[in-house]
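Structure at a glance
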Amino acid sequence: MSAQLKPLSMVYNEKSGFHASKKEAVYEQLMTIWTEQGFEIQVFDIASEPNIQILMQKILKRHQQYTEKGVVVAAGGDGTLNAVASQLVHQDIPMGILPLGTFNYVARVLNIPLDLLEAAKVIGTGEPRASHVACINDQIYLNNASLGLYPLFIKRREEYNKRFGRFPLNAYTSGLDVLIRDRKELKLEVEVDGHRYPVKTPLIFFGNNQLQLAEMKLKIAKCAEVGQVAGVVIAKGDKTTLFKTLFQTIRGQLEQASDVYSFSADHVKVYSQRPKLTVAIDGEIVELNTPLNIHVEKNALNIMVPYVDSSV
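Reference entry: report on the structure contained in this document. (Residues numbered from 1 in each chain as written. Predicted model: local features only at pLDDT ≥ 70, side-chain atom pairs only at ≥ 80, totals over all residues. Heavy atoms only, no water.)

Further remarks concern the packing of aromatic side chains. Summed over the entire model, instances satisfying the criterion amount to 2 aromatic pairs. Aromatic pair Phe 103 and Tyr 105: ring centres 5.7 Å apart, planes at 15 degrees, arrangement stacked. Among the residues examined, Phe 103 registers a relative accessible area of 26% and is labelled partly exposed. Above the plane of the ring of Phe 39 lies Lys 6, whose end atom (NZ or CZ) is 4.3 Å from the centre. (Phe/Tyr/Trp six-rings, centres within 6.5 Å; stacked < 30°, edge-to-face > 60°. Buried < 20%, exposed > 50% of the residue type's maximum accessible area, 1.4 Å probe, protein only. Lys NZ or Arg CZ within 6 Å of the ring centre and 35° of its normal.)

The following block contains the structure:
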């Protein structure tokens with residue numbers, strides 16, 4: 001191992017990475033780009049260890065053997081980015097992103113190119129930017145966390161993706177399918193910066209990505225940008241209201257929908273009589289103990305972004 005080389009560890013998911021995306025031909029070009037940038041590269045399948053904690057311990061131990069801290073690259077969609085980021089919070093090693101998801105909100109909000117070769121160049125020539133990370137209990141979310149109908153949307157969307165391929169339209173089609181077949185409401189208490197409110201809702205959505213919130217035309221996008229918890233509650237669960245809400249979401253008019261309320265706070269708690277709630281976190285479904293505790297760790301994750309010359 002040359003003392004001049006920098007470590008680069010690429011973490012990918014074989015089920016949803018280069019193989020599923022038919023990007024094997026790009027792989028060698030990526031390796032060439034990073035080798036020319038002075039990196040010593042090692043590639044890790046996220047499924048190669050029992051859990052992400054064990055895998056990242058191995059990766060961080062590898063990086064400690066170098067003089068340069070290097071970069072850990074997450075190659076994939078929201079789930080892969082979340083898994084890698086969860087282990088790099090408050091670490092000095094930055095995360096690089098190869099965007100392989102459907103919407104790629106994290107890459108887009110940071111101006112990371114969606115072209116994989118251009119994104120690879122940013123990893124070596126860019127600069128680390130401190131980003132906010134939202135937390136719900138012991139989990140993080142980079143884009144969003146939600147409960148109620150949204151986890152059902154995610155499950156149905158994955159069924160559509162397996163049958164028809166990964167297309168943005170599936171996100172809306174699966175939502176429509178859920179509204180036709182499945183409707184349920186949660187009886188909760190939501191505590192917003194110390195003030196409690198009883199809530200009966202089919203869906204609560206917490207967003208951490210200002211671009212996603214801005215595309216939904218929500219004013220709380222600015223709150224997420226400055227490091228606050230940004231939330232949306234649907235107050236009525238009848239089918240007519242939910243259909244109208246879905247279509248206003250598609251049209252980018254969610255803020256104007258009746259019975260939809262947005263809010264921001266430093267701390268939010270969600271209480272339920274149930275000991276656990278099903279939560280969708282960056283597209284992955286988990287069961288979390290109640291009450292749910294939500295807050296934002298400001299500037300907690302370093303991500304490689306395009307270098308900007310401030311003198312220009």
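Tracing the backbone through its elements, the reader meets Ile 41 in strand β2 (residues 39-45). Accessibility expressed as a relative area gives 22% for Ile 41, which makes it partly exposed. Put simply, Ile 41 and Met 10 are 31 residues apart on the chain and 7.5 Å apart in space, counted from C-alpha to C-alpha. With residues up to four places along the chain from it excluded, the contact list for Ile 41 reads Leu 8, Met 31, Trp 34, Thr 35 and Arg 62. (Helix = DSSP H or I, 4+ residues; strand = E, 2+ residues; numbered from the N terminus. Contact = heavy atoms within 4.5 Å.)

We now examine the nonpolar core. The biggest cluster of nonpolar side chains holds 50 residues, and the ones touching the most others in it are Trp 34, Leu 88, Met 95 and Leu 98. Sequence-distant contacts of Trp 34, that is, excluding residues within four places in its chain, are made with Leu 8, Met 10, Phe 39, Ile 41, Val 73, Leu 98, Ala 120 and Ile 123. Membership of the second largest hydrophobic core comes to 25 residues, among which are Leu 186, Leu 188, Val 192 and Val 270. (Core = buried A, V, L, I, M, F, W, Y, C linked by side-chain atoms within 4.5 Å.)

The next point concerns the pattern of salt bridges. Within this structure, the stated rule accounts for 7 salt bridges. Glu 49 serves as the salt-bridge partner of Lys 58, at 2.5 Å between the closest nitrogen and oxygen. Arg 196 is the partner of Glu 189 in a salt bridge, and the nearest nitrogen-oxygen pair spans 2.6 Å. By relative accessible area, Arg 196 is classed as partly exposed at 45%. Each of Glu 189, Glu 191 and Arg 196 takes part in salt bridges that share partners, so that together they form one network. (Salt bridge = Lys/Arg side-chain N within 4 Å of Asp/Glu carboxyl O.)

Moving on, we get to helix α2 (residues 52-63). Taking 1.5 Å as the rise per residue, α2 with 12 residues should run 16 Å; its terminal C-alpha atoms sit 16 Å apart, in good agreement. Taken together, the buried positions of α2 are Ile 52, Leu 55, Met 56, Ile 59, Leu 60, Arg 62 and His 63. Projection of α2 onto a plane perpendicular to its axis shows the buried side chains occupying an angular sector of 150 degrees, all on one side. Looking at α2, the residues exposed on the side facing more than 90 degrees away from the buried face are Gln 57 and Lys 61. Residues of α2 that are buried sit in contact with β1 (6-12), β2, β3 (71-76) and α3 (78-88). Its side-chain oxygen at 3.1 Å from the backbone nitrogen of Gln 53, Asn 51 defines the N-terminal cap of α2. (Expected span 1.5 Å × (residues − 1). Arc of directions from axis to C-beta. Polar contact = N/O pair within 3.5 Å; in protein donor to acceptor, adjacent residues only side chain to side chain.)

Attention now moves to the sheet that holds strand β12 (residues 260-265). With antiparallel pairing, the 6 strands of this open sheet are ordered in space as β12-β11-β10-β7-β14-β15. The open sheet has two edge strands, β12 and β15 (284-289), and neither has a second partner. Across the sheet, the mean angle separating the axes of adjacent strands is 25 degrees when strand polarity is ignored. Here strand β7 (residues 144-148) runs beside strand β10 (residues 203-207); their pairing, made up of 5 bridges, is antiparallel. Along β10, the bridge assignment pairs Gly 148 with Leu 203. (Pairing = 2+ DSSP bridges. Axes fitted to C-alpha atoms, helices over the stretch in contact; angles between N-to-C directions.)

It is worth spelling out α3 at this point. Burial analysis of α3 places 8 of its 11 residues in the buried class, which makes it a mostly covered element. Among the residues making up α3, those that are buried are Thr 80, Leu 81, Asn 82, Ala 83, Val 84, Ala 85, Gln 87 and Leu 88. Following α3 by one or two positions, His 90 has its phi on the positive side, about 65 degrees.

Time to look at the pairing of strand β4 (residues 95-99). Within β4, 5 of the 5 residues are buried, which leaves it mostly tucked inside the rest of the structure. Following the chain from β3 across α3 to the adjacent parallel β4, one finds a crossover that is right-handed. (Right-handed = clockwise from strand over helix to strand, strands pointing away.)

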